[in-house]
Amino acid sequence: MATKIKKIGHASASENNNKYGEAGDSTEKEVCTVNNYDISRIQPYIVLRPKTSLLAEASAIACEAGCLNDNIGYSQSSRNTLYNLAKTNGYDLATVGLCNTDCSAFLSVCAIAGGANISYGSNGPTTSTMRAKFKQSGDYDVLTGTEYTNRADLLKRGDILVKEGHHTLMVLKNGTEIPDEPIVEEEEPPALIEQIITPITEVSWTDQQFDYSESSLQKVYVRVNNEYKQAAVYLSGSPVVVHLTK
């Protein structure tokens with residue numbers, strides 16, 4: 001029975017190793033990934049699991065991008081500045097400017113970036129309110145069984161662990177009993193896709209840049225290699241490039 005998660009991402013602490021700091025990640029440890037994270041560090045916790053593999057993968061990609069962007073630091077006094085910047089650039093966490101977040105605000109933004117309908121409000125969800133907020137979105141299941149909370153084997157990439165009132169993190173690598181291969185989402189019925197993309201007058205592809213209309217992010221599907229894919233999701237390890245013109 002494994003008790004260590006292969007890789008996680010989280011907003012940890014400020015450069016002062018406390019709750020408050022300057023904007024940006026000056027230590028490269030404020031918002032970061034950690035390998036071989038022992039679940040005892042966050043127990044007791046609940047698991048917020050995305051209901052679709054598309055959401056799980058897209059939010060995990062956003063988390064990884066945020067962890068690599070040293071413009072994103074940790075401070076609870078300015079925890080909403082990441083969200084305020086991200087919503088102006090289409091939630092591209094790789095390119096947001098100097099700002100701060102905290103553990104729960106960060107993962108809420110990652111979920112929104114992945115396409116979840118999370119209500120952020122003027123002050124984002126906290127570890128005390130994440131269970132309710134994420135469940136209300138309709139995009140997450142709440143798992144509390146001991147098979148998830150006492151071992152890491154069944155945790156999946158994109159799962160969010162929450163020690164309520166304390167800390168939260170995202171699982172970035174599957175547990176030992178979950179295949180490492182990405183779970184393939186079932187194709188959407190063509191009739192549904194036709195309805196969704198009817199308002200779009202142009203969908204074109206290049207190979208360098210991901211650009212989209214923010215209002216279309218959660219709804220647009222495109223056909224790629226005879227499969228329907230959600231436009232917000234990265235394919236084959238590279239950014240999907242979509243230009244949408246209404």
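Here is a short report on the structure shown in this document. Remember, it's a predicted structure, so these values are computed and weren't measured experimentally. (Residues numbered from 1 in each chain as written. Predicted model: local features only at pLDDT ≥ 70, side-chain atom pairs only at ≥ 80, totals over all residues. Heavy atoms only, no water.)

1. Quick notes on the pairing of strand S1 (residues 4-11)
- In the sheet, S1 pairs with strand S2 (residues 31-38) via seven bridges, with the strands oriented antiparallel. Paired with Lys7 across the two strands is Asn35, which belongs to S2. (Pairing = 2+ DSSP bridges. Helix = DSSP H or I, 4+ residues; strand = E, 2+ residues; numbered from the N terminus.)

2. Considering helix H1 (residues 53-68)
- Between its terminal C-alpha atoms H1 stretches 23 Å, which fits the 22 Å expected from 16 residues at 1.5 Å a residue.
- Of all 16 residues that make up H1, 13 are buried, and the element is covered over most of its length. (Expected span 1.5 Å × (residues − 1). Buried < 20%, exposed > 50% of the residue type's maximum accessible area, 1.4 Å probe, protein only.)

3. Concerning the environment of Gly9
- Here Gly9 lies in strand S1.
- Separated by 164 residues in the primary sequence, Gly9 and Lys173 have C-alpha atoms spaced 9.9 Å apart.
- Apart from the residues within four sequence positions on either side, Gly9 is in contact with Cys32, Thr33, Cys63, Cys67, Leu107, Leu169, Met170 and Leu172. (Contact = heavy atoms within 4.5 Å.)

4. Some words on the sheet that holds S1
- One open sheet holds the six strands; their spatial order is S2-S1-S8-S7-S3-S6, and the pairing between them is antiparallel. Every other strand in the sheet has two partners, leaving S2 and strand S6 (140-143) as the edge strands with one partner each. Between one strand axis and the next, the sheet turns through 30° on average, direction left out of account.
- Pairing of S1 with strand S8 (residues 167-171) involves two bridges; the strand directions are antiparallel. If you follow Gly9 over to S8, its bridge partner there is Met170.
- Contacting S1, S2, S6, strand S7 (160-163) and S8, helix H3 (residues 103-113) crosses the sheet at an angle of about 35° to S8. (Axes fitted to C-alpha atoms, helices over the stretch in contact; angles between N-to-C directions.)

5. With respect to the side chain of Asp159
- Positionally, Asp159 belongs in the loop between helix H5 (146-149) and S7.
- Side chain to side chain, Asp159 and Arg49 meet in a polar contact 2.7 Å long. (Polar contact = N/O pair within 3.5 Å; in protein donor to acceptor, adjacent residues only side chain to side chain.)

6. Topic: the environment of Asp139
- Turning to its location among the elements, Asp139 is positioned in the loop between helix H4 (130-136) and S6.
- Classification of Asp139 as partly exposed rests on a relative accessible area of 21%.
- Sequence spacing of Asp139 and Ala111 is 28 residues, and the spatial spacing of their C-alpha atoms is 9.4 Å.

7. Remarks on the pairing of strand S3 (residues 46-50)
- The buried fraction of S3 amounts to five of the five residues, a majority that puts the element mostly inside the structure.
- Judged by which residues are buried, S3 turns out to be covered on both faces: Ile46, Leu48 and Pro50 on one side and Val47 and Arg49 on the other are all buried.
- Alignment of S3 against S7, held across three bridges, turns out to be antiparallel. Along S7, the bridge assignment pairs Leu48 with Ile160.
- As paired strands, S3 and S6 are joined by four bridges and run antiparallel to one another.

8. So, unusual backbone geometry
- Residue Pro44 follows Gln43 across a cis peptide bond; omega there is -5°.
- Structurally, the position occupied by Pro44 is in the loop between S2 and S3.
- Within the chain, Glu28 stands out as a residue other than glycine whose phi angle is a positive 60°.
- Counting through the fold element by element, Glu28 comes out in the loop between S1 and S2.

9. Quick look at the side chain of Asp25
- Looking at where Asp25 falls in the secondary structure, it is placed in the loop between S1 and S2.
- Despite its burial, Asp25 remains without a salt bridge, the nearest opposite charge being carried by Lys29 at 9.6 Å.
- Polar contacts involving the side chain of Asp25 include one to the main-chain amide nitrogen of Glu28, which spans 2.7 Å.
- Discounting chain neighbours no more than four positions away, the residues touching Asp25 are Glu30, Val31, Asp70, Asn71, Ile72 and Gly73. (Lys, Arg positive; Asp, Glu negative; His and termini not counted. Salt bridge = Lys/Arg side-chain N within 4 Å of Asp/Glu carboxyl O.)

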